[in-house]
Amino acid sequence: MLKNILLLMLFVIIIPTCHTAYAQNTSKELKAAFIRNHDLWIKTGDKEQQVTLGEQISYPKWSHDGNWIAYLKGNKKDGVFELWLYNSKMKNHFKVRAHVDNNFQWSPNNNRISFIINKELYVLHLDPAIPFLISEMAENIENFAWLPDGHGMLISQKISQQIHSDLILSQIILRRTIKPIVKPFYTIPVNEDEYYVSTSPFKWSYDGKWLSFLLIPTASLSADSNTLCLLSEDGRAFQRIANMLKEEEWFQWSPSKNILGYVKGVGREANLNKQVEVADVLSLKKILLTPKGYVDRDISWKNNKVIYVSRAIEDTQADLNKRPLPSIYQITLSSGQQNQVTFPNRQEGDFVPHYIGDTLVWIRTNKYFATVFKSDDKTGVMWIKQLTMASSYYDRWNWDEVFSIYRGR
């Protein structure tokens, strides 16, 4: 049963200043939120600003207009994380709720943020006319994502607690009235020999005609393999296309074509048996981009024809610390030309490329310290020093914990 809860926070403070809070961010400077010494910082161009002092902050995420940053406060030892918001115009922090997990998401085109507490999905409306209205959307959800138009969400739920029960995808349409509309969208059958219990968040193609997501099995199995899927917006076409790790950033849509790039390969080690492939959605034609003897991770589109990956020589020796670290490669799909574009020292590796505007941004680490670099295709320069190291698992670093770049609109 859907419930709705109103929470007014700092009502008197917010109302007089809310109009400045929603002004569009028109700055073209490269901007990032990052964690240094466990505190939140902002970098705009060449200027740094410390936002918190003596806190335990993680998972900074920008709102669509670049005026808000959502983040978690708390540490793993206590196991309790609070969702907070920082408004860069007012320079104020606002606590939202406690016991929030790290899957909180901003709407793609307005200042609403959704988050999960104990499998219950909530939406916070940062609207000048309805300040800090929190509504509960659904119970017993596995995962979700905003619809492309920002007027609702797509959620996944298990039909029952039985491990082989089907997964149901439903659309939640937000309305001005309190109660949203819930519409069943698609049922993913789970066979008796399958152990799918959840999905990843959903990612929409540029035109909203297709979505991609992972089918996630039970925890022990998901550490080694998950199933990448495609689903059309009308629910008529469903396809499982690859097996890969539970890394949401490892599958990305092309900027303006229905082409999906992803890092495929089973096994929990990020630097073994991982290959980048692109798939045309309509033809399902697949192109393998990783040459023999190499291993790829991370992925970022420069445009519809060029893609960046983090690549290393594949090495099977047992000691992970002795395996080669990666550098960034640029791949041109039409010609197949592949060029190395970053050149770290042997003891360092380059990860998570982001192409923003005309600038390539990446993280360089020696596994003990991390730094953010940027390049305008001419030369690479250090941009952010002393980035807090993200948590790792079999040479996979969760960089979303400590770094978020603003992509603009």
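Please refer to the structure placed before this passage.
Just so you know, the residues in each chain are numbered from 1, in the order the chain's sequence is written. Whole-chain, interface and lining totals are the exception, using all residues; otherwise, since this is a predicted model, local features are given only for residues with pLDDT of at least 70 and side-chain atom pairs are given and counted only at 80 or more. For side-chain calculations, the full set of non-hydrogen atoms in the structure is used, while hydrogens and water are omitted.

Novice: In this structure, what is going on with the nonpolar core? I would like to understand it.
Specialist: Note on soluble globular proteins: their nonpolar side chains tend to be buried together. Counting 33 residues, the largest nonpolar core has Leu40, Ile363, Val372, Leu387, Trp399, Phe403 and Ile405 as its most contacted members. Put simply, DSSP H or I for four residues or longer makes a helix, DSSP E for two residues or longer makes a strand, and each gets a number counted from the N terminus. Per-element accounting of this core gives the leading share, four residues, to strand β1 (residues 31-36). The residues touching isoleucine 405, leaving out its near neighbours within four places in the chain, are Leu30, Lys31, Ala32, Trp62, His354, Ile356, Val361 and Trp383. Only buried residues count toward a nonpolar core. Its members are Ala, Val, Leu, Ile, Met, Phe, Trp, Tyr and Cys residues joined through side-chain atoms within 4.5 Å. A 1.4 Å probe rolled over the protein chains alone gives each residue an accessible area, and that area as a share of the maximum for its type sets the label: buried under 20%, exposed over 50%, partly exposed in between. Ranked by size, the runner-up nonpolar core spans 28 residues in total, among them Ile216, Ile259, Ile299 and Tyr329. Two residues form a contact once any of their heavy atoms are found within 4.5 Å.

Novice: What exactly am I supposed to notice about the sheet that holds strand β27 (residues 327-332) here?
Specialist: Backbone hydrogen bonds hold the strands of a sheet together, and the pairing may be parallel or antiparallel. Strand pairing is defined by DSSP finding a minimum of two bridges between the two strands. Spatially, the four strands line up as an open sheet ordered β25-β26-β27-β28, and their pairing is antiparallel. Lying at the two open borders of the sheet, with one neighbouring strand each, are β25 (294-301) and β28 (338-340). Strand-to-strand, the axes of this sheet are offset by a mean angle of 30 degrees, without reference to chain direction. Pairing of β25 with strand β26 (residues 306-313), which is carried by seven bridges, proceeds in the antiparallel orientation. Paired with tyrosine 294 across the bridge in β26 is isoleucine 313. Throughout, an axis means a line fitted to C-alpha atoms (over the contacting stretch in the case of helices), and angles, computed between N-to-C directions, take values from 0 to 180 degrees.

Novice: Teacher, can you tell me more about the packing of aromatic side chains here?
Specialist: Geometrically, a pair of aromatic rings is defined through the distance of the ring centres and the angle of the planes. Only Phe, Tyr and Trp rings take part, Trp by its six-membered ring, and two of them pair if their centres are within 6.5 Å. Stacked means planes under 30 degrees apart, edge-to-face means over 60, and tilted covers everything else. Throughout the structure, instances matching the rule amount to 13 aromatic pairs. Aromatic side chains tryptophan 62 and tyrosine 406 sit 5.6 Å apart centroid to centroid with 55 degrees between the ring planes, which places their arrangement in the tilted category. Taken as a pair, tryptophan 62 in strand β4 (residues 57-62) and tyrosine 406 in the segment after β35 (403-405) lie far apart in primary sequence, 344 residues in all. Of the two residues, tryptophan 62 and tyrosine 406, both sit in the buried class. Between tryptophan 362 and phenylalanine 373 the ring centres are 5.8 Å apart and the planes differ by 15 degrees, which places this aromatic pair in the stacked class. Pair noted here: tryptophan 362 is in strand β30 (residues 359-365) and phenylalanine 373 is in strand β31 (residues 370-375), with a separation of 11 residues, a long-range link.

Novice: What is the right way to read the environment of leucine 147 from this model?
Specialist: Position of leucine 147 among the secondary structure elements: in the loop between β12 (143-146) and β13 (152-158). Overall, the relative accessible area of 8% leaves leucine 147 in the buried class. When the C-alpha positions of leucine 147 and glutamate 249 are compared, they lie 18 Å apart, and in sequence the two are 102 residues distant. Those residues in contact with leucine 147 that sit more than four places away from it in its chain are Pro108, Gly152, Met153, Leu154, Gln171, Ile173 and Trp204.

Keep in mind that these numbers describe shape and distance, not what the molecule does.
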